[in-house]
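# Remarks on the overall topology
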Amino acid sequence: MEPINRRNFMKSVAGTAALAALEGGAARAADTGLVFLSTWAHGKPANERAAEIFKGGGSLLDAIEKGINVPESDPAVTSVGYGGLPNAEGVVELDAAIMDGTRHRAGSVCNLHMIKNPISVARLVMEKTRHTTLAGEGAFRFALKMGFEPQTLLTPESLRKWEEWKVNPKHETFWLDAEHHDTIGMVANDGKGHVLSGCSTSGLAFKIPGRVGDSPLVGCGVYADDNVGAASATGDGDVMTNYCTSVSIIHAMARGASPQEACLELLRHMVKTDPKNREAQVGVVAINTQGEIGAACINSRARLKYALWRNGESQLLDSVMLI
Ligand code: ASP
């Protein structure tokens, strides 16, 4: 995406010096260094792994993929990959997407069964095919062809939770239950202005089979553009998909907003267009080419914690809440 009126905006607002600074974004990013920014507490070990991969000579794409593999492979994380809570029929259905800001190219998978690392399959969709998204049985067969090993993704714990849900006469209330969320969304800047976005989830717990959330949809769960930055999202995908969350944030950043302002602008827009969204669980993260970051959520029902890796320091922080 070409930044919207970037030249005009910068000329009118801050003059030639600021324009030169923006156009030298890649050079400035080199000073700010490598940054990984992820959603939720499981983003912290994911960031740490990503940084290790990058510093060991891997590409930013390798780093994001291997970083996201950490919560995907961790049975204790019940919202991503192996151990993720299943759909209403007790089947784990995974969604993931990855987008490279240089090539302006994404790969994604939806409703993938029996493969614990959907982000790795999404990467191969991007790298080995001319498609962007593969779903269901086709995504599964593609993964097998790429050498992935099928396995059961239910753990004793996730099976127990599904069985409890099934026998609970009030189980229809699961739709908005906070504990059933927590996608890993990760954005990164390599310190030279190259950005990437990745996202992986088991989606809404006990969802209707076949449901696709925001996470694997390009522009919703992920968006990355080396001219501007990268964004990702977590929360109620059935709400967020309608706002094309990640690309909306990137558009605001292209118009001159900082990542933090851009995140809040999107959340304000969501509440303005539908006041019911005040109660929605929505969290977003963004980074620009200079390495500045943003992280925000709509309300305390799902206070987004975000993990930040920068200058060798790994932290877990509270995002800004919309007032
Ligand atoms: N956004 C994901 C979905 O709706 C869930 C989450 O972020 O926790 O599938």
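Above this text is the structure in question.
Residues numbered from 1 in each chain as written. Predicted model: local features only at pLDDT ≥ 70, side-chain atom pairs only at ≥ 80, totals over all residues. Heavy atoms only, no water.

### What to know about the overall build of the protein chain
The number of helices and strands found in the protein chain is 10 helices and 13 strands. Relative to its full complement of 323 residues, the protein chain shows a buried share of 55%. Long-range contacts, defined as pairs at least 24 residues apart, comprise 66% of the intrachain contacts of the protein chain with a sequence gap of at least 6. In the structure as shown, the protein chain presents an accessible area of about 13,100 Å², 54% of it carried by carbon and sulfur atoms. (Helix = DSSP H or I, 4+ residues; strand = E, 2+ residues; numbered from the N terminus. Buried < 20%, exposed > 50% of the residue type's maximum accessible area, 1.4 Å probe, protein only. Contact = heavy atoms within 4.5 Å. Areas by Shrake-Rupley, 256 points an atom, 1.4 Å probe, with all protein chains shown as cover.)

### Some details on the nonpolar core
Of all hydrophobic cores here, the largest spans 47 residues; its most connected members are Ile 249, Leu 267, Met 270 and Val 284. Residue contributions to this core peak at 7 residues, all from helix H10 (residues 259-273). Every residue in contact with Met 270, bar those within four places of it in the chain, is listed here: Val 239, Met 240, Tyr 243, Asn 277, Val 282 and Ile 298. By size, the runner-up hydrophobic cluster in this structure holds 34 residues, among which are Ala 51, Leu 61, Ile 98 and Met 126. (Core = buried A, V, L, I, M, F, W, Y, C linked by side-chain atoms within 4.5 Å.)

### Overview of the packing of aromatic side chains
For the coordinates displayed, the defined rule picks out 2 aromatic pairs. Arranged with centres 4.8 Å apart and planes meeting at 15 degrees, the rings of Trp 165 and Phe 206 form a pair that is stacked. Here Phe 206 lies in the loop between strand S6 (195-201) and strand S7 (222-225) and Trp 165 lies in helix H7 (residues 156-167), a separation of 41 residues in the sequence. With respect to burial, Trp 165 and Phe 206 carry one shared label: buried. (Phe/Tyr/Trp six-rings, centres within 6.5 Å; stacked < 30°, edge-to-face > 60°.)

### A short note on the sheet that holds strand S9 (residues 282-288)
Read from one edge of the open sheet, 5 strands run S7-S8-S9-S10-S13, paired in mixed fashion. Sheet topology places S7 and strand S13 (320-321) at the edges, where each strand pairs with a single neighbour. Of the pairings in the sheet, the one linking strand S8 (residues 229-235) to S9 comprises 7 bridges and is antiparallel in character. Note that in S9 the partner of Thr 234 across the bridge is Gly 283. (Pairing = 2+ DSSP bridges.)

### Points about the packing of helix H3 (residues 43-55) against helix H4 (residues 60-73)
At a minimum axis separation of 7 Å, H3 and H4 run at an interaxial angle of 145 degrees. When the axes of H3 and H4 are compared, the crossing they make is right-handed. Contacts between H3 and H4 pair Pro 45, Ala 46, Arg 49, Ala 50, Ile 53 and Phe 54 from the former with Leu 60, Asp 62, Ala 63, Lys 66, Gly 67, Val 70 and Pro 71 from the latter. Among the residues making up the contact of H3 with H4, the classes are represented as 9 nonpolar, 1 polar and 3 charged. (Axes fitted to C-alpha atoms, helices over the stretch in contact; angles between N-to-C directions. Left-handed = near helix turned anticlockwise from the far one by under 90°. Nonpolar A, V, L, I, M, F, W, Y, C, P; charged D, E, K, R; others polar.)

### Considerations on the site of the ligand
Residues in contact with the ligand amount to 12 residues; listed here are only the nearest, Asp 182, Thr 183, Arg 211, Asp 214 and Gly 235. Residue Gly 235 places a main-chain N or O atom 2.7 Å away from an oxygen atom belonging to the ligand. Gly 237 places a main-chain nitrogen or oxygen 2.9 Å from an oxygen atom of the ligand. When the ligand is considered free in solution it has 270 Å² of accessible area, and contact with the protein chains removes 100% of it. When its residues are assigned to classes, the shell around the ligand shows 1 nonpolar, 8 polar and 3 charged. (Near = heavy atom within 4 Å. Polar contact = N/O pair within 3.5 Å; in protein donor to acceptor, adjacent residues only side chain to side chain.)

### Quick word on helix H9 (residues 245-254)
In terms of residue burial, H9 counts as a mostly covered element, since 8 of its 10 residues are buried. Within the sequence span of H9, burial applies to Thr 245, Ser 246, Val 247, Ile 249, Ile 250, Ala 252, Met 253 and Ala 254. Gly 256 sits one or two positions beyond H9 and adopts a positive phi of about 120 degrees.

Structural measurements only, silent on function.
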